[in-house]
Amino acid sequence: QVQLVESGGGLVQAGGSLRLSCAASGRTFRTNVMGWFRHTPGKERDFVAAVNWSGGRTYYADSVKGRFTISRDNAKNTVDLQMNSLKPEDTAVYYCAADNRLTVATTASEYDFWGQGTQVTVSS
C-alpha cells in the first residue's frame, strides 16, 4: 500500500503563487508515475500534471501549461506542484495520485493511490 499526504494549499490572490507538496510513504517503489488532479463541486476530477519516476518526462493539462511545474525528489519521496500566475478558475481541491505504470497517465481511473486532498482558493 502507498500513502500520500498533500500540503501547501491555501488562499491566494489572482496572479499569485503556491507550491503544493505530496509526501509518499509505504511501498514507494510503486510510485513510478505520480500526478496531480483537481476537483470542484459539480465537476469531474480533472488532470493537472504528471511525472515519471526519473522526473525526465512530464505532462500537463493545456489549462495549466506554462504556469504549473511538477517535480519530484525520490530521495525524499516527495512530488511538488509549483503553481504560478494563479487564476480564480484554478480554485479546487488538489489531489496527489500515484501508480506503478511506467508511462505518464492523464485519467484518474489509471491511478491506484490517492491523497486526501488540499484546498486551493484563488480570489479575484
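Heads up: the structure comes first, above all this text.
On a predicted model such as this, the values are computed, not experimentally measured, just so you know. (Residues numbered from 1 in each chain as written. Predicted model: local features only at pLDDT ≥ 70, side-chain atom pairs only at ≥ 80, totals over all residues. Heavy atoms only, no water.)

A closer look at the pattern of salt bridges
Two side chains bearing opposite charge may form a pair once their charged atoms approach each other closely. For clarity, the threshold we go by: By definition here, a salt bridge exists when the distance from a side-chain nitrogen of Lys or Arg to a carboxyl oxygen of Asp or Glu is within 4 Å. Under the scheme used here, helices are H or I runs from DSSP no shorter than 4 residues and strands are E runs no shorter than 2 residues, and both carry numbers assigned from the N terminus. Exposure categories follow from relative accessible area, calculated using a 1.4 Å probe and restricted to protein chains: below 20% of the type maximum is buried, above 50% is exposed, and the middle band is partly exposed.
Inspection of every chain in the model, using the stated rule, returns six salt bridges. Between D90 and R67 there is a salt bridge; the shortest N-O distance is 2.8 Å. On the criterion of sequence distance, the pair formed by D90 in the loop between β8 (78-83) and β9 (92-99) and R67 in the loop between β6 (58-60) and β7 (68-73) is long-range, its members being 23 residues apart. In terms of burial, D90 and R67 fall into one category: buried.

Here's the deal with the sheet that holds strand β1 (residues 2-7)
Basically, it comes down to this: For two strands to be treated as a pair, DSSP must find at least two bridges joining them. Axis lines are fitted through C-alpha atoms, for helices just across the contact stretch, and the angle between N-to-C directions can take any value from 0 to 180 degrees.
The strand order across the open sheet built from four strands is β1-β3-β8-β7, with neighbouring strands paired in antiparallel fashion. Both outer strands of the open sheet, β1 and β7, are each paired with one neighbouring strand and no more. Across the sheet, the axes of successive neighbouring strands diverge by a mean angle of 15°, strand direction being ignored. As paired elements, β1 and strand β3 (residues 18-26) share six bridges and run antiparallel to each other. Of the residues in β3, the one forming a bridge with L4 is A24.

Some thoughts on the pairing of strand β5 (residues 46-51)
Where burial is concerned, most of β5 is hidden: five out of the six residues are buried. One ladder, built from five bridges, connects strand β4 (residues 33-39) with β5; its direction is antiparallel. In the strand pairing of β5, G35 is matched with A50. What sits between the antiparallel neighbours β4 and β5 is a turn of six residues, in which G42 has the positive phi angle 85°. Relative to β6, β5 is paired through three bridges, and the arrangement is antiparallel. Along β6, the bridge assignment pairs A49 with Y60. Counted between consecutive antiparallel strands, the loop separating β5 from β6 contains six residues, among which G55 sits at a positive phi close to 85°.

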